[in-house]
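Below, each chain spelled out in residue letters.
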Amino acid sequence: METSQRDEQQRAAEQRRRELLEAADRVVLRDGPGASMNAIAAEAGITKPILYRHFGDKGGLYRALAVRHTDALLSGLRASLDAPAGRRERVEATLDNYLAAIEARPQVYRFLMHPADEGKPAEQGFDVGRHSAPLLRRMGEELAQVIAERVDLGPEGEELARAWGHGIVGMMHAAGDWWLRERPCSRGALVRHLADLLWGRLAVSGERPDGPGF
């Protein structure tokens, strides 16, 4: 009986947390980097102390939103990498998937990567680098694992896969950030430019015989 009650309470807490994150998403879509804890609490119909009880501070809320959006992004990238197409087409699809995601929700992207944009100071105690760096590292490690499972990179394969994973994520992030701000070319053109940059060694590397193929 007690176990059942605890499970029910846990499910209710998880549901409430999802509802608060959805309220935070709505505010971020509206306000971008200027999204505040006050505005998010108001959107959720609660007081800021209750919001703090769930997430601790803006950093805690940021981490929860980052996990939410990074999970969705990584799922899309994996689907592109595993699509039934040639390797070059899958590389381009993966790059396009990332750029499409930040283009579709630029306010969310700016909140996660640039919370003090447009002259608005970040809330006291909130350091974008301290929070965004783990997000990029996680994406780099996930991509490294995908590469290592699919491409035969020889005796230094694990080290090379990690170097490529973090390097590709860094490239996508920097190039995507520049492109989203300046729009110097079409998304398709940027995809082709970045794929050309990546294509050298990747084009001639064989597939792992025990992997899912790439």
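Just so it is clear, the model here is predicted, and its values are computed rather than measured.

Enquirer: Could you clarify how one ought to interpret the packing of aromatic side chains in this entry?
Expert: Note on aromatic pairs: each is described by the distance of the centres and the angle between the planes. Summed over all chains, the structure comprises 1 aromatic pair. Ring geometry for Tyr62 against Phe111: centres 6.2 Å apart, planes inclined by 40°, an arrangement best described as tilted. Taken together, the residues Tyr62 in helix H4 (residues 58–81) and Phe111 in helix H6 (residues 106–113) connect sequence positions 49 residues apart. Taken individually, Tyr62 and Phe111 each receive the classification buried, so the pair is uniform in this respect. For Arg88, the ring lying beneath its charged end belongs to Trp199, and the centroid distance is 5.6 Å. In this structure, Arg183 packs its charged tip against the face of Trp179, placed 4.5 Å from the ring centre.

Enquirer: In this structure, what is going on with unusual backbone geometry? I would like to understand it.
Expert: Trans peptide bonds make up the majority, and among non-glycine residues the majority have a negative phi. One non-glycine residue with positive phi stands out, namely Arg183, at about 45°. Mapping Arg183 onto the fold places it in the loop between helix H8 (157–182) and helix H9 (187–204).

Enquirer: Which parts of the structure should I look at to understand the side chain of His69?
Expert: Within the secondary structure, His69 sits in helix H4. Ignoring anything within four residues of it in the chain, the contact list for His69 reads Asp25, Arg105, Val108 and Leu112.

Enquirer: What is the right way to read the packing of H4 against helix H5 (residues 87–104) from this model?
Expert: Two quantities define a packed helix pair, namely the angle between the helix axes and the distance between the axes. Viewed as axis vectors pointing N to C, H4 and H5 meet at an angle of 160°, and their least axial separation amounts to 8 Å. Our classification of the angle between H4 and H5 gives roughly antiparallel. Here H4 and H5 pass one another in a crossing that is right-handed. Contacts between H4 and H5 pair Leu73, Gly76, Leu77, Ser80 and Leu81 from the former with Arg90, Ala93, Thr94, Asn97, Tyr98 and Ala101 from the latter.

The rules behind each value
- Residues numbered from 1 in each chain as written.
- Predicted model: local features only at pLDDT ≥ 70, side-chain atom pairs only at ≥ 80, totals over all residues.
- Heavy atoms only, no water.
- Phe/Tyr/Trp six-rings, centres within 6.5 Å; stacked < 30°, edge-to-face > 60°.
- Helix = DSSP H or I, 4+ residues; strand = E, 2+ residues; numbered from the N terminus.
- Buried < 20%, exposed > 50% of the residue type's maximum accessible area, 1.4 Å probe, protein only.
- Lys NZ or Arg CZ within 6 Å of the ring centre and 35° of its normal.
- Contact = heavy atoms within 4.5 Å.
- Axes fitted to C-alpha atoms, helices over the stretch in contact; angles between N-to-C directions.
- Parallel < 35°, antiparallel > 145°, perpendicular 65-115°, else oblique.
- Left-handed = near helix turned anticlockwise from the far one by under 90°.

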